[in-house]
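The residues making up each chain are set out below.
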Amino acid sequence: MVTEAEQADGPAEDWADVTPEAARRLVSAAVQAFAERGYHATTTRDIAGRAGMSPAALYIHYKTKEELLYRISGVGHEKALRIMEAAAGAGGSATERLGAAVRTFARWHARHHTTARVIQYELQALSEEHYAVVADLRRRTDRALRGIIRDGAEAGEFTAGDVPGTTLAVLSLCVDVARWFSAEGARTPEEVGDLYADLVLRMVGARRP
């Protein structure tokens, strides 16, 4: 049975919420450029060229290169938050909810590994104002996952004593998927999600049949 949290995991590189179409093309081009060259080495001309547009056309939709990074970071972090909040608010035991959260979160980082690398490793390039917005999304994601783990510990389902530390470990494990995952590798995103869900449930000492 597919949970609500798993339904929140959409197709790879889906920028459907970014409109109009020209802005969507620029975001997609920026992701590829930032992933290949790094934020600081990428120019607006690089991005516009990849999108098949002139540099002047880029500024119609985004005032700066940093604004493009912020758009990418916002979409990615909002997706992560939706995954965690869907799992936290679902029915079932803490074990079931944690398994669904990790499975979907790890799978998203595998399926969207290019985008995920950009939003995780270029955070410091954001302006102070934009970083504050993204940092709040990250804190809310942490809080949703921490709530699931705390519920499991309090119910006696988990043996994890340090809930904040365990939450950090689980998030770090899932996020790191974006660093090593390759579409040409031996594992599919689905296999990665299943593996990580099993590993995390073992890590927290979940009592399973």
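Conventions we followed
- Residues numbered from 1 in each chain as written.
- Predicted model: local features only at pLDDT ≥ 70, side-chain atom pairs only at ≥ 80, totals over all residues.
- Heavy atoms only, no water.
- Helix = DSSP H or I, 4+ residues; strand = E, 2+ residues; numbered from the N terminus.
- Rg over C-alpha atoms; globule rule 2.2 N^0.38 Å.
- Salt bridge = Lys/Arg side-chain N within 4 Å of Asp/Glu carboxyl O.
- Buried < 20%, exposed > 50% of the residue type's maximum accessible area, 1.4 Å probe, protein only.
- Axes fitted to C-alpha atoms, helices over the stretch in contact; angles between N-to-C directions.
- Parallel < 35°, antiparallel > 145°, perpendicular 65-115°, else oblique.
- Contact = heavy atoms within 4.5 Å.
- Nonpolar A, V, L, I, M, F, W, Y, C, P; charged D, E, K, R; others polar.
- pLDDT = per-residue confidence, 0-100.
- Phe/Tyr/Trp six-rings, centres within 6.5 Å; stacked < 30°, edge-to-face > 60°.

## Examining the overall build of the protein
Then step 1. Secondary structure assignment for the protein yields 11 helices and zero strands.
Then step 2. Its helices and strands taken in sequence order, the protein reads α-α-α-α-α-α-α-α-α-α-α from the N to the C terminus.
Then step 3. Relative to a compact globule of 209 residues, whose C-alpha radius of gyration would be 17 Å, the protein shows 18 Å and is just as compact.
Then step 4. For the C-alpha atoms alone, the extent of the protein along its principal axes is close to 60 × 35 × 25 Å.

## Notes on the pattern of salt bridges
Then step 1. Per the stated rule, a full pass over the model turns up 11 salt bridges.
Then step 2. D136 is paired through a salt bridge with R139; the nearest N and O atoms lie 3.9 Å apart. Residue D136 and its partner R139 are both found in helix α8 (residues 128-154); the two are separated by three residues, about one turn of the helix.
Then step 3. Taking the relative accessible area as the measure of exposure, D136 reaches 31% and is therefore partly exposed.
Then step 4. Across the pair R140 and D136 runs a salt bridge, and its minimum N-O distance is 4.0 Å. A residue pair is termed a helical-turn pair when its members lie 3 or 4 positions apart in one helix, as R140 and D136 do in helix α8 at four residues.

## Section: the environment of G89
Then step 1. By secondary structure assignment, the location of G89 is in the loop between α5 (65-88) and α6 (94-111).
Then step 2. Note: C-alpha distance between G89 and G147 (58 residues apart in sequence) is 10.0 Å.

## Details of the packing of α6 against helix α7 (residues 113-121)
Then step 1. Between α6 and α7, whose axes approach to 5 Å, the crossing angle comes to 100°. It follows that α6 is roughly perpendicular to α7 by the angle criterion. Only H113, A116, I119 and Q120 of α7 make contact with α6, whose side of the interface consists of W108, H109, A110 and R111.
Then step 2. When the residues that make up the contact of α6 with α7 are grouped by side-chain class, the tally is four nonpolar, three polar and one charged.

## Looking at the confidence of the model for the protein
Then step 1. In this model, the protein carries an average pLDDT of 90, and 92% of its residues clear a pLDDT of 70 or more.
Then step 2. Mean pLDDT across the elements of the protein ranges from a minimum in helix α1 (residues 4-7), with 42, to a maximum in helix α11 (residues 189-203), with 97.
Then step 3. Here residues 1-13 scores under 50 on pLDDT; set against residues more than four positions off or in separate chains, the count is 30 contacts.

## Observations concerning unusual backbone geometry
Then step 1. In this structure, P20 follows T19 across a cis peptide bond, with omega equal to 0°.
Then step 2. Inspection of the secondary structure puts P20 in the loop between α1 and α2 (21-37).

## With respect to the packing of aromatic side chains
Then step 1. Applying the stated rule across the entire model yields two aromatic pairs.
Then step 2. Consider the rings of F34 and Y39, whose centres lie 5.2 Å apart with planes at 55°: the pair is tilted. The same class applies to F34 as to Y39, namely buried.
Then step 3. When the ring of W180 is compared with that of F181, the centres are 6.0 Å apart and the planes differ by 55°; the resulting orientation is tilted.

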